[in-house]
Amino acid sequence: MMLSGWGNYPRVDCAVLRPRDTEQVTDAIGARPTLIARGAGRSYGDAALNRAATVVVTRLNRIASFDPSSGVVTCEAGTTLDELIEVFLPRGWFPWVTPGTRFVTVGGAIASDVHGKNHHLDGTFGRHVISIDLALADGSVVRCSDNENPDLFAATQGGMGLTGVILRATFRLRPVETDLVVQHTTRTQDLSQTLQALEDASEATYSVAWVDCLARGPALGRGVVYRGEHATLGDLPPDRGGRPYGTASIRSRTVPVSPPSFALNRYSMGALNAVYYRRAKTGRALVSYQTFFYPLDALLRWNRIYGRQGFVQHQCVLPLASCAEALRELLTMIAARGTGSFLAVLKLCGEEARGPLSFPFRGYTLALDFQATAGNFSLLTELDDVVAAHGGRLYLAKDARGGAGLLRDGYPRLDEFSRTRDRYDPRRRFRSVQSERLGL
Ligand SMILES: Cc1cc2nc3c(=O)[nH]c(=O)nc-3n(C[C@H](O)[C@H](O)[C@H](O)COP(=O)(O)OP(=O)(O)OC[C@H]3O[C@@H](n4cnc5c(N)ncnc54)[C@H](O)[C@@H]3O)c2cc1C
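Not measured: the values here are computed from a predicted model. (Residues numbered from 1 in each chain as written. Predicted model: local features only at pLDDT ≥ 70, side-chain atom pairs only at ≥ 80, totals over all residues. Heavy atoms only, no water.)

## Brief notes about the sheet that holds strand β4 (residues 36–38)
Hydrogen bonds between backbone groups are what pair the strands of a sheet, and the pairing can be parallel or antiparallel.
Next, step 1: With parallel pairing, the three strands of this open sheet are ordered in space as β3-β5-β4. Looking at the sheet topology across the chains shown, the edges are occupied by β3 (16–17) and β4. (Pairing = 2+ DSSP bridges. Helix = DSSP H or I, 4+ residues; strand = E, 2+ residues; numbered from the N terminus.)

Below you can see the structure in the form of structure tokens.
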């Protein structure tokens, strides 16, 4: 069947398998020449696509155990963060690390080693994982942790499914007192102020900036910076009547069809960015966890907004030393073209994770969406050059078109990753359209 990632680009005809248990996963590994695991398909590009066999694990979604004294949970890899939050938030637990959508699976979160708005303090999802059960290329199932198969444990975190199929994982949840977030919002006038505001917010548990990527001249890099903390019992508003977990479920709306792509042009995008910038309410507010962590989830299938040809995301991380200069170059190029996205997100990242292909390192990460057009692809190649010149890297979970050169330069521990794969999957049976494109 025709399958794609969240960006709807590229679309590839894949043989799809939907195993219900471990045995069906190992049967699939035995029967297919090559394969790749797929979770909820929320990576943007071609990482979870394989023509010969794309193994969708969302039916493996049982929660096996939970320790209420430590918050340690064991669940199958197809369990989504949404399912975990539904079960555990009313009991006072939340994922330590969550990406900007809760509709990802635990397997996908580990394989991409996802980061959230707290990377500067809490690292990636993998930092909170205790062990993983992995189905290997020879059909065997092994446990990996810091003590058992530690090389495989590291390589699987951020390994984009290329080490095997994650069957289940044991990891820690974070204790929280309520389901609300205390949010502080500030507006900045230019890039220096935006970077300073993020730097100032580095003590806050969560921080993120939205950047008006079409603002030019002195306003280049202006934005809205959000800081957040989990609200305590003392922060509860009176209308809660002391109930810590009472957020009414927020109704999600669905974008019905792909609108015509001409609706998105430099004028409509520029107007949307300007309105968003001016409308942002500054100051302190108590908001639901959905509003703070998952604003886009309120509009289900919003990816259709970009039209039938789909879209791609360009997410890079840039080292602290030259990030101001690099970001200025990137934003100047994007603003000059006027094809930038409505969504430009800037975050401060902390220490690099243990996975050799894990994405974040100390510096700033910038994420932008672009319609999948030839004109935008040539702009993206120019952006890649800036990223490479400043020693940055692209995020594989968002990538659909990057080149092998940028991968090699951006991920200096690639050889370490390849050595581990040589040991466990010498014939490279786990592969994706992305790994083939990048020569991984
Ligand atoms: C709106 C939105 C916001 C996002 N925000 C962020 C963010 O803030 N931070 C961030 O880091 N990412 C973010 N992402 C990206 C997303 O978190 C990752 O792409 C995540 O991996 C998607 O999980 P999934 O279950 O959909 O995996 P898929 O997209 O199905 O697969 C992603 C990768 O994981 C592998 N994989 C999936 N399941 C398994 C398994 N069981 N065993 C082995 N490999 C497996 C696949 O082979 C593939 O390489 C965002 C995505 C969206 C759509």
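## Side note on the sheet that holds strand β12 (residues 180–188)
Next, step 1: If you walk across this open sheet you meet the eight strands as β16-β12-β14-β13-β19-β20-β18-β21, and the pairing is antiparallel. Single-partner strands in this sheet number two, and they are β16 (283–288) and β21 (393–394).
Next, step 2: Bridge count for strand β19 (residues 344–349) against strand β20 (residues 363–371) is six bridges, and the pairing is antiparallel. Residue Leu 348 lies in a different strand from β20, and its bridge partner there is Tyr 364.
Next, step 3: Packed on one face of the sheet, helix α6 (residues 191–200) meets β12, β13 (206–211), β14 (223–230), β19 and β20 and runs near 170 degrees to β13. (Contact = heavy atoms within 4.5 Å. Axes fitted to C-alpha atoms, helices over the stretch in contact; angles between N-to-C directions.)

## Considering helix α1 (residues 22–31)
Next, step 1: Among the residues making up α1, those that are buried are Val 25, Thr 26, Ala 28 and Ile 29. The buried residues of α1 occupy an angular sector of 155 degrees when the element is viewed end-on, so they sit on one face. The outward face of α1, more than 90 degrees from its buried face, is lined by the exposed residues Glu 23, Gly 30 and Ala 31.
Next, step 2: Packing partners of the buried residues in α1 comprise β3, β9 (129–135), β10 (141–145) and β11 (165–175). (Buried < 20%, exposed > 50% of the residue type's maximum accessible area, 1.4 Å probe, protein only. Arc of directions from axis to C-beta.)

## A short note on the site of the ligand
Next, step 1: Among the 35 residues in the neighbourhood of the ligand, the closest are listed as Ala 37, Gly 39, Arg 42, Ser 43 and Thr 105.
Next, step 2: Contact between the ligand and Thr 105: an oxygen atom at 2.6 Å from a side-chain N or O atom of the residue.
Next, step 3: Separating a nitrogen atom of the ligand from a backbone N or O atom of His 115 is a distance of 2.8 Å.
Next, step 4: For the ligand, the protein covers 97% of the area, taking 970 Å² as the surface of the free molecule.
Next, step 5: When contributions to the shell around the ligand are tallied by element, the ones reaching two or more residues are β4, α3 (106–111) and β11. (Near = heavy atom within 4 Å. Polar contact = N/O pair within 3.5 Å; in protein donor to acceptor, adjacent residues only side chain to side chain. Areas by Shrake-Rupley, 256 points an atom, 1.4 Å probe, with all protein chains shown as cover.)

## A word on empty space enclosed by the protein
Next, step 1: Counted by the stated rule, this structure contains four cavities of 30 Å³ or more.
Next, step 2: The calculated volume of the largest cavity comes to roughly 80 Å³.
Next, step 3: In terms of lining residues, the largest cavity is bounded by Leu 394, Tyr 395, Leu 396, Asp 399, Gly 402, Gly 403, Leu 406, Leu 407, Tyr 411 and Leu 438. (1 Å grid on protein atoms, 1.4 Å probe; cavity = no way out; pocket = protein on both sides within 12 Å on 5 of 7 lines; lining within 4 Å. Points joined across faces, edges and corners; volume = space filled by probe spheres on them.)

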